[in-house]
Structures are given as structure tokens and as C-alpha cells.
Amino acid sequence: MDYQLLAELLFPQITDTPADVEARYPARQLPEGAKVTRFAPSPTGFVHFGGLFPSTVGERLAHQSSGVFYLRIEDTDAKREVEGAAEGLIKTLAKYGISFDEGAVLDAEGNIADRGDYGPYKQSKRGPIYRTYAKKLVAEGKAYPCFTTEEELDELQAVNKKEEIKNTDWQAQAESRRAEMLERRNFTLEEVKDHLAKGHPFVVRLLANGDPDKKVRITDLVKGNLEIPENDEDFVLLKSDGIPTYHFAHAVDDHLMGTTHVIRGEEWLPSLPKHIQLFGYLGFKLPKYMHIAQIMKLDEDGNKKKLSKRDMGANMDDYTSMGYCPEAVCEYIMTLLNSNYEEWHAQNPDKPYTDFPFSIKKMSVSGCLFDFGKLNDVSKNVISRMSASEVTQKVTDWALEFDPEFGKLLASDAAYAESIFAIGRGGKKPRKDLATWADAKPYMGFFYDGLFAPEYCYPENVSDVEAILDGFAKVYSADDDSTAWFEKVKELGLSLGYCADMKAYKNDPSAWKGSVADVSMVLRVAVTGKQNAPDLCEVMKILGTERVLERLEKGKVRK
Ligand code: GLU
């Protein structure tokens, strides 16, 4: 077979050679050890938590090494494309500190544009480049055309994809395809000419030469040393519309764009033999691979399962509506990605997570467990370190969008809101009440008369509610500092038979009606409507004498 002629017949419009293309993509001039990484999503909707993971790894590794992090839009599957998804993705990622040095960006009008010298960064715009390399492979007898109808192809693709993801038995898969494959390889130039004359569409397949009984050794930087079978599958490189498959685009693009580290989900691991063969055929240097474990969650029965698209916590836009601040989500991701992050953070509490020396070696090989409880803990810490004015601003902004009534209430008197958020903030052990901005309303709503909804759950053992409330109303002064304030509570308690000293009370509880803690609780419940509230002396100062007295009076009605 005259492969050169075959290549000309198939790709008459391609006049460039790979060398012409290479000349337009010179090697990057970067310092020693600089990593070039990319995020290469196929945007079909929202940003998944599982997508933020590899992109965070890519961003950290590139920026920690003075390298380049770029965004490539993998839109080769026109059927799955969703209008505006790429634009939304860029905005969402930016919120989570994922900033690209290069690649697809939003221009002033909010449309996708290219920044950088290694584009186009949208695969749908790179058709001729892929065809140039396909032509070369055909001319060298390493790839061949396969004339099939569109429907036949769709069927094939669907089967391949499913098997690829599920399949771990590489050999069985290869066996079943061999006969079919040999059949396809068998054609003449005359037949090709005839098909082309009739306008039949064709795909280009790689002519596999691997022996699945032989193993290739490769080191994945996350998974460790692997032994995988050689590829013996004539997989599709170019679809009948001239658009590449993922495999082909991965090889061509990551080579031309100078990617040093391919960071992607572990669902791509079974495709690695294909990629190794393809890079070899094309004469490209294999990049380093990092296959990242999937994010798992516990289902109702306590079993681990993949965090699916429909699960709460999958869609990054939900974090915004739930009121999580991006800093907290980023820190949480760091705790999942690097087991020593928390230890580092404890030693460097004031440093941003971007100062943490992220390390590939500390990454989990088997999978990270997503857990809202842990996220909330991290988030409470993050928010507790913010200033009162920052919290006020962020809660107000969030509420104006997601709870406008409350937002307007906060905005109507920002100084008042800030005084509330200032309670217990700033010291060595700041309060940790808020995990999300949505927690603000239940936490501090009682400061607003319209939201004050007391439950009046007084301690069961206290029968002197009225006497306590009346007694305190008589002595309360907004001028008291917290020591003077507490003295008054103790004195009042003592006069009614409640022990002022907790130690003494615990030694002999039967000698008393209760303790000063019960007295405080009665006051807290009357004034805040809840058993849990921030420092009561501070609360009373912010509410002002008039409202304190009003609430002490109102609280005398037991529900
Ligand atoms: N478009 C592929 C995906 O979304 C990219 C995988 C890769 O990073 O190479 O899974």
C-alpha cells in the first residue's frame, strides 16, 4: 500500500506538515523545574466539586514552580455542548482562586477569547492541526481510514466509552475486538477512492501494534509505579467530521502546548496504554501523569460511593447559594488534597493557603471523602479569623442576593450589624458560630425585633423565672462592664437561693435551688429567646436598656 498516496487522498486540503505546526509552537522558555499544567474541561454545565480538585492541583503546582497554568476548552463533542457553560466555568473557577495565566479567557464583552501564544485553546478551533498529524500518521502507515456510517460510529463510540470506564480486564476487551479490527484493516486504495468519490464519511483509526501480553512500566506521580498492557486496539483518532477524539487531542495539544504534568481524573487511567502508544507514534515526549482519585461520599448506609452530579455538594454554584465563602472551600480542598495541610495551618494560622508548600507525595492515592461536617469546621475557623466589618459586608452581600429581606435589614444599619458580629471576635479564641453566611440569621436574628421569636425554654429546675427577670430588671445598668454585670447576676441568684460558685454548687447541689448558671440561662432565654447565644453582657449592651427591660418583662410569660 502506498501510504503517502493514501494520506493525500484523505487529506488533500492539508498542506502543512507537522514541522510547520511545530514551528508555531516553540518550546517554552521557563526556569528549571517549572511545571506547565492545564485544566481541560469539557464544559457541559456546572463546575463539579470533583473538577475543582484537579484544577486546584494544577494551579498550585504551576504557580508554586513559577510555571504556567492554562485553560483548554475540550469542546470536541458538539452534541454535548451547552451554551454559555465555558463562560460560567471561568467565572466560577475564578471565585475559587483558580486563575489561569494563559488559555481561554473572558474578554471585555464576556465572550471566550484566547490569551497566550499556544492557542487556539478551544479544541473546536484546532481542526487543521489535528488533521495535519493524522495525515502524517496515515502517511507512515500508523493510522488508516475506516468508512462507516455516522450511526454505526455512534454505536461504536458508546460501547467503547462505557467499556473503557468500567473495564479493568484489559485483555478480555482486546480479544473480542481483534477479529473485527483485522477486518477493518483490510482494504485497497481503489476501495478508498471509490468511497471518497461517493462522499462516504470516514474515521481515522490508529493501527495498533501493541501486544497486550506485554506490559509497559510507567510511573504515575499519584498512583505510583504501574504496569499496564500495551495497546492493541485500533481506536479512533479523528471522527468523521474531522474532529479528534479525546485521546488524539490530548496527545497533540499537550505536546504542542508544552504541558509537563497531565493532571486528570483516574477514570482516564484505563486509556493510558492508548496515550503511550500515540505519543510514541507521534514522536512526542510523554508528559508526567497524575491521575487523581475520585471524590467519594458516604451514603445513608455508610458505604462509600462516588460524589455524583446530583449529590448535594457537587455543584459549585450551590456553595454560593448555601453561603459558603470560597476561602473556606479552598482550605477544605487543601485538607483533602494534602494530609499535612491542617498541621501546617495550625502552625501558620495567619498565612493564606497559597503559602502552603503543596506536595504531590502527600496526595491520597485511593480517594478523598467529601464531608460537610469537616467543611463546616474549616469554614467556622476561616470566618472566625475575619474582621467584624468583613463579615458584616459578606453576610450583607450574600443576604441581599439570597435572603433580600434580611439583607435589607442588615444594610439599613451596617454599624449595628457590625457591632453584633464584633462579639467575641479578634481575641485568641474567637467565637466559631458561623459556617456559612446563611447561619447568620439564626445566630443573630434576635437582635432585630422583627426576627425575635423566643421559645422561652427555661431550665426545668428553675421555678423563679419571674423573680429572676424582675430582680435583674431592677439592677441592670448598661454602664456595667462584664465583671460588674456578672456580680449582679451572682448577687441576684444568691438572694434567691442559687449558688454563685460553681465548684461549691457541684460539691453539694442539694443545698441550693440551682446555680448562677441557671440564673444566667433564664436571663439569656428571656433576652435572646434561645439557650445558645453570644456573651450576654455584650448582647444587652447592643440591644440597649429599653429593649432589654422590655424583653425581661415579656419573658415572664412561660410558654
Ligand atoms: N476533557 C477531559 C475531561 O473533562 C479532560 C481530561 C484531561 O484533563 O486530560 O475529563
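Residues numbered from 1 in each chain as written. Predicted model: local features only at pLDDT ≥ 70, side-chain atom pairs only at ≥ 80, totals over all residues. Heavy atoms only, no water.

Engineer: So what exactly am I meant to see when it comes to the sheet that holds strand E6 (residues 202-206) here?
Structural biologist: Whether parallel or antiparallel, the strands of a sheet pair through hydrogen bonds between backbone atoms. Spatially, E5-E6-E9 is the arrangement adopted by the three strands of the open sheet, whose pairing is antiparallel. Because the sheet does not close on itself, it has two edges, and the strands there are strand E5 (143-147) and strand E9 (236-238). On average, adjacent strands in this sheet sit at an angle of 45° to one another, irrespective of strand direction. Two strands pair when backbone bridges link them, and E6 and E9 are joined in this way by two bridges, in the antiparallel orientation. Its bridge partner lying in E9, Val204 is registered against Leu238. (Pairing = 2+ DSSP bridges. Helix = DSSP H or I, 4+ residues; strand = E, 2+ residues; numbered from the N terminus. Axes fitted to C-alpha atoms, helices over the stretch in contact; angles between N-to-C directions.)

Engineer: For this particular structure, what's the right way to read the site of the ligand?
Structural biologist: Neighbouring the ligand are Arg38, Ala40, Ser42, Glu74, Tyr246, Ile263, Arg264 and Trp268. With respect to the ligand, the side chain of Arg38 contributes an N or O atom lying 2.7 Å from an oxygen atom. At 2.7 Å from a nitrogen atom of the ligand is found a side-chain nitrogen or oxygen belonging to Glu74. Contact with the protein chains removes 81% of the 300 Å² of surface that the ligand exposes when unbound. A per-class count over the shell around the ligand returns four nonpolar, one polar and three charged. (Near = heavy atom within 4 Å. Polar contact = N/O pair within 3.5 Å; in protein donor to acceptor, adjacent residues only side chain to side chain. Areas by Shrake-Rupley, 256 points an atom, 1.4 Å probe, with all protein chains shown as cover. Nonpolar A, V, L, I, M, F, W, Y, C, P; charged D, E, K, R; others polar.)

Engineer: In this structure, what is going on with empty space enclosed by the protein? I would like to understand it.
Structural biologist: The probe, sized like a water molecule, is rolled over the atoms to show the empty space still left. On inspection of all chains with the given rule, the structure shows five cavities of 30 Å³ or more. If you add up the space inside the second largest cavity, you get close to 80 Å³. Within the residue set of the lining of the second largest cavity, elements represented by two or more residues are helix H14 (372-384) and helix H17 (414-421). Ranked by the residues each element gives to the lining of the second largest cavity, the list is headed by H14, at three residues. Its residues assigned to classes, the lining of the second largest cavity shows six nonpolar, one polar and five charged. (1 Å grid on protein atoms, 1.4 Å probe; cavity = no way out; pocket = protein on both sides within 12 Å on 5 of 7 lines; lining within 4 Å. Points joined across faces, edges and corners; volume = space filled by probe spheres on them.)

Engineer: What is the right way to look at the packing of helix H23 (residues 536-543) against helix H24 (residues 545-554) in this model?
Structural biologist: What describes two packed helices is the angle between their axes and the distance between those same axes. One way to put it is that H23 packs onto H24 with a least axis distance of 6 Å and a crossing angle of 115°. Relative to H24, H23 is oriented roughly perpendicular. Residues Met540, Ile542 and Leu543 of H23 form the contact with H24, whose participating residues are Arg547, Val548 and Arg551. Among the residues making up the contact of H23 with H24, the classes are represented as four nonpolar, no polar and two charged. (Parallel < 35°, antiparallel > 145°, perpendicular 65-115°, else oblique. Contact = heavy atoms within 4.5 Å.)

Engineer: Before we go on, may I ask you to explain the pattern of salt bridges in this structure?
Structural biologist: When their charged atoms lie close together, side chains carrying opposite charge are able to pair. Under the counting rule described, the total for this entry stands at 33 salt bridges. Between Glu102 and Arg28 there is a salt bridge; the shortest N-O distance is 2.8 Å. Residue Glu102 is located in strand E3 (residues 102-106), and its partner Arg28 is located in the loop between helix H2 (18-24) and strand E1 (36-39); the two are separated by 74 residues in the primary sequence. The exposure classification of Glu102 matches that of Arg28, with both residues buried. With a closest N to O distance of 2.8 Å, Asp470 and Lys556 form a salt bridge. (Salt bridge = Lys/Arg side-chain N within 4 Å of Asp/Glu carboxyl O. Buried < 20%, exposed > 50% of the residue type's maximum accessible area, 1.4 Å probe, protein only.)

Engineer: Is there a simple way to explain the environment of Asp449 in this structure?
Structural biologist: Looking at the secondary structure, you find Asp449 in the loop between helix H18 (440-444) and helix H19 (465-475). Judged by its relative accessible area of 43%, Asp449 falls in the partly exposed class. Among all residues touching Asp449, those that are not within four sequence positions of it are Arg547 and Arg551. Within the local environment of Asp449, its side chain forms a polar contact with the side chain of Arg551, the two groups lying 2.8 Å apart.

Engineer: What's the story with the packing of helix H15 (residues 388-402) against H17 in this structure? I'm lost.
Structural biologist: In contact at an axis separation of 8 Å, H15 and H17 are set at 120° when each is read in the N-to-C sense. It follows that H15 is oblique to H17 by the angle criterion. Note on packing geometry: the crossing formed by H15 with H17 is right-handed. Of the residues in H17, those touching H15 at Ala388, Ser389, Val391, Thr392 and Val395 are Ala414, Ala417, Glu418 and Phe421. Grouping the constituent residues of the contact of H15 with H17 by class yields six nonpolar, two polar and one charged. (Left-handed = near helix turned anticlockwise from the far one by under 90°.)

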